[in-house]
Amino acid sequence: MKIIKYLSLILAVTLMASCEKTPIEYDTEPVGDRAEFQLHYVVPVTAVAANNITKVEINGQLYSNNKSTLTTYNAIPSGAAGRFYVVAPGTVNIKMYQGTEMDNLVYDQNTTLTVGKQNVFVHDFNLPPVVIDNGYPYIRRETVETDSMQWVKFYNFLYETEGIPTDLRLQYQYVSHRTGELVNIGQPVAFGESTGWEQVLIVKTDLVSSGSRRVDYKIKVVDDAGNVVGDLQVMNASGNFVSYSDYWTGYIGRRAHHIYCGMRAANPRAAVRLFYAL
């Protein structure tokens, strides 16, 4: 019994010593005064595998490869919402490659990134990207009884036809669950611009739930004087022009980038693509 007692004591002391010599550490580093960015690929090309970006280099360093392919009308870092790449602020070179061998260089442009979070939009292989502030930090709003808000940020990257960005100023709108009327989402935006983070009312259909519901969206065209000209006319799958309309499921408390890209009067046809910030 004494032998077992002494062995137990030695084992306990050994384990304590092991714990003291092996502190728990997390393999992270503070962001500090770094530029944080998400890279969006909105060049109006056909959504086929050959047009996917299989390698991304930032300032000569590998940031993404074919293990995390950047597909058309999408963004990286992919996966969970709220992820950003980091780089030293200042002039930043972006290279993008296509092909299974990751050797077809299709984009090589410089831009300037600043301290903080931003969204970088590559919309033309021959032009520098558009950089838009992410709008962080995000304000909070608590759920109020059976209704509350989600946040939407609308971006205009609409092309008319190949190589021709739209000259239209677009007013994004949603249909109110309470009144059925159209509600403006921010101010009208020209090509390469975005609204801020704008609140969109979500009235829950189920009281005891986290809160979600279909939201219908429209787009109006606004002239330089601020007058509404009419509905945005877009080409549909049959080649006819119709008033833009679409719908998405809205979730209370979430933040979604609504990125309008593609071509208004040609293929690939324009559509709003979602990318969640939160």
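Here goes a summary of the coordinates provided. (Residues numbered from 1 in each chain as written. Predicted model: local features only at pLDDT ≥ 70, side-chain atom pairs only at ≥ 80, totals over all residues. Heavy atoms only, no water.)

A tally of helices and strands in the protein yields 1 helix and 21 strands. Looking at the 278 residues of the protein, the share that counts as buried comes to 42%. The long-range share in the protein, meaning contacts at least 24 apart out of those at least 6 apart in sequence, stands at 62%. Carbon and sulfur atoms make up 52% of the accessible area of the protein, which totals about 15,200 Å². (Helix = DSSP H or I, 4+ residues; strand = E, 2+ residues; numbered from the N terminus. Buried < 20%, exposed > 50% of the residue type's maximum accessible area, 1.4 Å probe, protein only. Contact = heavy atoms within 4.5 Å. Areas by Shrake-Rupley, 256 points an atom, 1.4 Å probe, with all protein chains shown as cover.)

Another point: the layout of surface pockets. Approximately 170 Å³ is the volume found for the largest pocket. If you trace the largest pocket, you find 15 residues lining it, with Val-234, Tyr-244, Ser-245, Arg-269 and Ala-270 closest to the centre. Elements with a contribution of two residues or more to the lining of the largest pocket: strand 17 (233–235), strand 18 (241–243), strand 19 (245–251), strand 20 (255–263) and strand 21 (271–276). Among the residues forming the lining of the largest pocket, the class breakdown is 9 nonpolar, 3 polar and 3 charged. (1 Å grid on protein atoms, 1.4 Å probe; cavity = no way out; pocket = protein on both sides within 12 Å on 5 of 7 lines; lining within 4 Å. Points joined across faces, edges and corners; volume = space filled by probe spheres on them. Nonpolar A, V, L, I, M, F, W, Y, C, P; charged D, E, K, R; others polar.)

With respect to the element layout, Lys-220 can be found in strand 15 (residues 212–222). A polar contact is formed between the side chain of Lys-220 and the side chain of Gln-173, at a distance of 3.3 Å. Ignoring any residue separated from it by four or fewer positions in sequence, one finds Lys-220 in contact with Arg-169, Leu-170, Gln-171, Gln-173, Leu-182, Val-228, Gly-230, Asp-231 and Leu-232. (Polar contact = N/O pair within 3.5 Å; in protein donor to acceptor, adjacent residues only side chain to side chain.)

Next up on the list: the pattern of salt bridges. Overall, the coordinates contain 6 salt bridges when judged by the stated rule. In this structure, Lys-95 and Asp-108 form a salt bridge, with 3.7 Å as the shortest nitrogen-oxygen distance. One end of the pair, Lys-95, is in strand 6 (residues 90–98); the other, Asp-108, is in strand 7 (residues 104–113), and 13 residues separate them in sequence. Classification of Asp-108 as partly exposed rests on a relative accessible area of 37%. The salt bridge involving Lys-220 is made with Asp-231; its shortest N-O contact spans 3.2 Å. Residue Lys-220 is located in strand 15, and its partner Asp-231 is located in strand 16 (residues 228–231); the two are separated by 11 residues in the primary sequence. Residue class for Lys-220 comes out buried when judged on its relative accessible area of 15%. The exposure class of Asp-231 is partly exposed, given its relative accessible area of 35%. (Salt bridge = Lys/Arg side-chain N within 4 Å of Asp/Glu carboxyl O.)

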